[in-house]
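So you can see what is in the structure, the chains are spelled out below.
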Amino acid sequence: MKKLFEISLLFFLCLTLCACPYSSAYYLDETSGMNVQDALLGKWTTYMKKPGSSGEEEIYLSLSKKTDTEYHISITGNLNELRPYRVLISDSLTGTAFMSLVDNRQFLNININSRIYIAELKLKDDKLSLLPLAENFTGKMVRNTADLRKSVEVHYKTRVHPLLDDDFCLRNMVKLN
């Protein structure tokens, strides 16, 4: 019985560790060289499937200008599923972000609670998608900004579909007026 409990606990631990977006101590660039894009500023919304349910919930993403090269970012909605990851302190996630360009792809370096998340940003047909990389996107030990940038470059060049954390992807968001 004790062995079954240990195996169950290890299985749950593995699922928990694999079910979160990639976070790093490093950014893709030391500082942003890209200016804030006015088309991204504002409040965006989308619906996400609730894990373990057939229902959907509305999620809001707000981007505002902090400096010429940095954004304030806020994600609100029913975020109770994030509590086990210890990312959520209040009813919304807030932080800062700046843009990096890697092989002609735009990425946001998002700093929330002193953790840096890397998410590909796509704006197409007035719809915004924020696609965070999965925790296991690289097996390489990332020791600095250059290592992280190289890992992202190699990952996107060697994969038909990049490893994204689908539970945290905000796809096809529409801008609210």
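Being a predicted model, the structure only gives us computed values, none of them experimental.

Analysis parameters
- Residues numbered from 1 in each chain as written.
- Predicted model: local features only at pLDDT ≥ 70, side-chain atom pairs only at ≥ 80, totals over all residues.
- Heavy atoms only, no water.
- Helix = DSSP H or I, 4+ residues; strand = E, 2+ residues; numbered from the N terminus.
- Buried < 20%, exposed > 50% of the residue type's maximum accessible area, 1.4 Å probe, protein only.
- pLDDT = per-residue confidence, 0-100.
- Contact = heavy atoms within 4.5 Å.
- Phe/Tyr/Trp six-rings, centres within 6.5 Å; stacked < 30°, edge-to-face > 60°.
- Lys NZ or Arg CZ within 6 Å of the ring centre and 35° of its normal.
- Core = buried A, V, L, I, M, F, W, Y, C linked by side-chain atoms within 4.5 Å.
- Salt bridge = Lys/Arg side-chain N within 4 Å of Asp/Glu carboxyl O.

### Focus on the overall build of the chain
Check the secondary structure of the chain and you find two helices and nine strands. Going residue by residue from the N terminus, the α and β elements of the chain occur as α-β-β-β-β-β-β-β-β-α-β.

### Describing unusual backbone geometry
For Ser114, which is not glycine, the phi torsion reads 65° and is therefore positive. Structurally, the position occupied by Ser114 is in the loop between β6 (105-112) and β7 (115-124). One non-glycine residue, Asp126, lies in the positive phi region at around 60°. One can find Asp126 in the loop between β7 and β8 (127-132). We classify Asp126 as exposed; its relative accessible area is 68%.

### Thoughts on the confidence of the model for the chain
Taken over all residues, the pLDDT of the chain has a mean of 83, while the share at 70 or more is 79%. Taken element by element, the predicted model of the chain shows its lowest mean pLDDT in helix α1 (residues 2-18) (45) and its highest in β8 (95). pLDDT under 50 marks residues 7-18. Its contacts with residues more than four places away, or in other chains, come to two contacts. Taken as a whole, residues 83-89 scores under 50 in pLDDT and shows 17 contacts with residues more than four places along the chain or in a different chain.

### Observations regarding the packing of aromatic side chains
Tallied over the full model, the rule gives three aromatic pairs. Judged by centre distance (5.1 Å) and plane angle (45°), the rings of Tyr27 and Phe98 are tilted. Note that Tyr27 is positioned in the loop between β1 (23-24) and β2 (42-49) and Phe98 in strand β5 (residues 92-102), a separation of 71 residues in sequence. What makes Tyr27 partly exposed here is its relative accessible area of 23%. Geometrically, the ring pair formed by Phe107 and Tyr156 is edge-to-face, given 5.3 Å between the ring centres and 80° between the ring planes. Of the two residues, Phe107 sits in strand β6 while Tyr156 sits in helix α2 (residues 145-158), which places them 49 residues apart along the sequence. Under the relative-accessibility criterion, Tyr156 is labelled buried at 11%. Seen from the ring of Tyr60, Lys43 lies directly overhead, with NZ or CZ sitting 4.9 Å from the centre.

### Description of the side chain of Thr46
Mapped onto the fold, Thr46 is located in strand β2. When residues no more than four places from it in sequence are discounted, the contact partners of Thr46 are Glu57, Glu58, Ile59, Leu170, Arg171, Asn172 and Met173.

### Here we look at the environment of Asn172
As for its placement among the helices and strands, Asn172 is situated in strand β9 (residues 170-175). Residues Asn172 and Trp44, 128 residues apart in the sequence, show an inter-C-alpha distance of 9.5 Å. Once you skip the residues sitting within four places of it in the chain, Asn172 turns out to touch Thr45, Thr46, Lys127, Leu128 and Ser129.

### Quick look at the nonpolar core
Among the nonpolar cores identified, the biggest contains 24 residues, and Leu61, Tyr71, Leu108, Ile110, Leu128 and Leu130 are the most heavily contacted of them. Contributions of two or more residues to this core are made by β2, β3 (56-65), β4 (70-77), β5, β6, β7, β8 and β9. If we skip the residues at most four places from it in the chain, Ile110 touches Ile73, Thr96, Ala97, Arg115, Ile116, Tyr117, Ala119 and Leu130. Residues Phe107, Val142, Leu164 and Cys169 belong to the second largest nonpolar core, which totals 15 residues.

### A closer look at the pattern of salt bridges
If you walk through the whole model with that rule in mind, you get seven salt bridges. Lys65 is the salt-bridge partner of Asp68, the closest N and O atoms lying 3.4 Å from each other. When the shortest N-O distance is used, the salt bridge between Lys140 and Asp147 registers 3.9 Å. On the basis of relative accessibility, which here comes to 42%, the residue Lys140 falls in the partly exposed class. Each of Asp29, Arg149 and Glu153 takes part in a single network of salt bridges with overlapping partners.

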